[in-house]
Amino acid sequence: QVQLVESGGGLVQTGASLRLSCAASGRTFSSYNMGWFRQAPGKEREFVSAISWSGRSTYYTYYADSVKGRFTISRDNAKNTVYLQMNSLKPEDTAVYYCAADGGKIVPSTKTPTYWGQGTQVTVSS
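This write-up is about the structure you can find in this document. (Residues numbered from 1 in each chain as written. Predicted model: local features only at pLDDT ≥ 70, side-chain atom pairs only at ≥ 80, totals over all residues. Heavy atoms only, no water.)

**Considering the environment of Ala23**
The residue Ala23 is located in strand S3 (residues 18–25) in this model. Residues contacting Ala23, with those up to four places away along its chain left out, are Gln3, Leu4, Val5, Asn80 and Thr81. (Helix = DSSP H or I, 4+ residues; strand = E, 2+ residues; numbered from the N terminus. Contact = heavy atoms within 4.5 Å.)

See the structure below:
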């Protein structure tokens, strides 16, 4: 079992930045692919970003078109933590952001990763 705890959300103005963190425990963090999803009121949960690897030491990143160029995902396996740096925030970024983990790859088409965090609220005012 893997436990994921998100933090870093809050209320900010348009154009501001936030960095979300996801701390993982319970299993070997480096064995899992990690990602971020979000869900706005009245909308379905959507893919935001993910980080994977093509080999033992090479990591690839994936982004939804809506956040590409503004958000950056990273991970620190030594700290069992994945981050989502969010810049130039817009009101449409307002949502609950969820950290996710899976033994397989998390890509933009992924719908149901194995593990989910509780979510952290991000609100961007106009």
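Structure shown, so let's carry the discussion forward.
**Some words on the state of the cysteines**
Evaluated as defined, the whole model comprises one disulfide. Between the sulfur of Cys22 and that of Cys99 lies a disulfide, 2.1 Å long from S to S. Between Cys22 and Cys99 the sulfur-sulfur dihedral comes to about -85 degrees; the bridge is accordingly left-handed. With Cys22 in strand S3 and Cys99 in strand S9 (residues 95–102), this pair connects stretches of sequence that are 77 residues apart. Taken individually, Cys22 and Cys99 each receive the classification buried, so the pair is uniform in this respect. (Disulfide = S-S within 2.5 Å. Buried < 20%, exposed > 50% of the residue type's maximum accessible area, 1.4 Å probe, protein only.)

**Considerations on the layout of surface pockets**
Of the pockets and cavities examined, the largest pocket occupies roughly 160 Å³. In terms of residue class, the lining of the largest pocket is built from three nonpolar, one polar and four charged. (1 Å grid on protein atoms, 1.4 Å probe; cavity = no way out; pocket = protein on both sides within 12 Å on 5 of 7 lines; lining within 4 Å. Points joined across faces, edges and corners; volume = space filled by probe spheres on them. Nonpolar A, V, L, I, M, F, W, Y, C, P; charged D, E, K, R; others polar.)

**A short note on the nonpolar core**
Of all hydrophobic cores here, the largest spans 35 residues; its most connected members are Leu4, Met34, Trp36, Leu84, Met86 and Tyr97. Sorting the residues of this core by element identifies S3, strand S4 (33–39), strand S5 (46–53), strand S6 (59–63), strand S7 (71–76), strand S8 (81–86), S9 and strand S11 (120–125) as the ones contributing at least two each. With five residues, S9 is the largest single contributor of residues to this core. (Core = buried A, V, L, I, M, F, W, Y, C linked by side-chain atoms within 4.5 Å.)

**Details of the environment of Gln118**
Mapped onto the secondary structure, Gln118 falls in the loop between strand S10 (115–116) and S11. Residues Gln118 and Ser7, spaced 111 residues apart in sequence, show a C-alpha to C-alpha distance of 9.7 Å. Look past the residues within four positions of Gln118 in its chain and what remains in contact with it is Leu4, Glu6 and Tyr98.

**What to know about the pattern of salt bridges**
For the structure shown, the criterion picks out four salt bridges. One salt bridge connects Lys68 with Asp65, and the closest N-O pair in it is separated by 3.7 Å. Given a relative accessible area of 69%, Asp65 falls into the exposed group. Put simply, Asp93 and Arg70 hold a salt bridge, and the shortest N to O gap is 2.8 Å. Taken as a pair, Asp93 in the loop between S8 and S9 and Arg70 in the loop between S6 and S7 lie far apart in primary sequence, 23 residues in all. The exposure class of Arg70 is buried, given its relative accessible area of 11%. In this structure, a network of salt bridges that share partners links the residues Arg38, Glu46, Arg70 and Asp93. (Salt bridge = Lys/Arg side-chain N within 4 Å of Asp/Glu carboxyl O.)

**Observations concerning the sheet that holds S8**
Strand order across the open sheet formed by four strands is S1-S3-S8-S7, with antiparallel pairing between neighbours. Strands with a single pairing partner mark the edges of an open sheet, and in this sheet they are strand S1 (3–7) and S7. When the angles between neighbouring strand axes are averaged without regard to direction, this sheet yields 15 degrees. (Pairing = 2+ DSSP bridges. Axes fitted to C-alpha atoms, helices over the stretch in contact; angles between N-to-C directions.)

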